[in-house]
Every structure is written in structure tokens, then in C-alpha cells.
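Listed below, chain by chain, are the residues.
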Amino acid sequence: MTLILAQEEKVAIKQIDHLMETYCKGCLLKTHYRETQGKHQAHQYCISECSVGIRIKQLGNKLQ
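Treat the numbers as computed from the prediction; the structure is a model and nothing was measured. (Residues numbered from 1 in each chain as written. Predicted model: local features only at pLDDT ≥ 70, side-chain atom pairs only at ≥ 80, totals over all residues. Heavy atoms only, no water.)

A closer look at the packing of helix α1 (residues 7-24) against helix α4 (residues 51-62)
Okay, so step 1: Across the interface, α1 lies against α4 with an axial gap of 9 Å and an inter-helix angle of 160 degrees. In terms of axis orientation, α1 runs roughly antiparallel to α4. The crossing of α1 and α4 is left-handed. Contacts from E8, A12, Q15, I16, L19, M20, Y23 and C24 of α1 reach α4 at V52, R55, I56, L59, G60 and K62. (Axes fitted to C-alpha atoms, helices over the stretch in contact; angles between N-to-C directions. Helix = DSSP H or I, 4+ residues; strand = E, 2+ residues; numbered from the N terminus. Parallel < 35°, antiparallel > 145°, perpendicular 65-115°, else oblique. Left-handed = near helix turned anticlockwise from the far one by under 90°. Contact = heavy atoms within 4.5 Å.)

Quick word on α4
An α-helical segment advances 3.6 residues per turn. Residues three or four places apart therefore align on the same side.
Okay, so step 1: Here α4 is twelve residues long and its end C-alpha atoms lie 17 Å apart, about the 16 Å a rise of 1.5 Å per residue gives.
Okay, so step 2: Listing the buried residues of α4 in full gives V52, G53, I56 and L59. What you see down the axis of α4 is that its buried residues fit within an arc of 120 degrees, all on one side.
Okay, so step 3: Considering only its buried residues, α4 is in contact with α1 and α3 (39-48). (Expected span 1.5 Å × (residues − 1). Buried < 20%, exposed > 50% of the residue type's maximum accessible area, 1.4 Å probe, protein only. Arc of directions from axis to C-beta.)

Description of the environment of L59
Okay, so step 1: One can find L59 in helix α4.
Okay, so step 2: Among the residues examined, L59 registers a relative accessible area of 1% and is labelled buried.
Okay, so step 3: Distance in space between the C-alpha atoms of L59 and A12 is 5.7 Å, their sequence separation being 47 residues.
Okay, so step 4: In this structure L59 touches A12, Q15, I16 and L19, once residues within four positions along its chain are discounted.

No statement about biological role is implied by the geometric values presented.
Put into C-alpha cells, the structure is as follows:
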């Protein structure tokens, strides 16, 4: 099966990759939440409170 992405989807994926590489990789808050409250709580923080995570979520919604 070949998946053909629209240009807007390609741009969204590149933006998500850039944000994650720049801000999420090595994030101290995510690491802290993961160690103290667990993986689920760390994820919840990222998608509901972190401005970068919220932006990634918005971009991801474009891909649906």
C-alpha cells in the first residue's frame, strides 16, 4: 500500500519532527513527571499543559 501525503501534511510532519527534536528531546519536565508520577502523567502534561506539546497536538490533528 502506497501512502501519498498532501503537501500540507508533509509540512505538518516536518514541523512536528522539528519541535520534538528541538524542545521535547531531553525535556527535564517530562523526565521529572515520568520519574515521579509515571508515563501517563508525563504524557498528560505534554499534551495539555506544555505549549510545545499543545502545538504538536494541533499539528497532529491536521493529519487526521
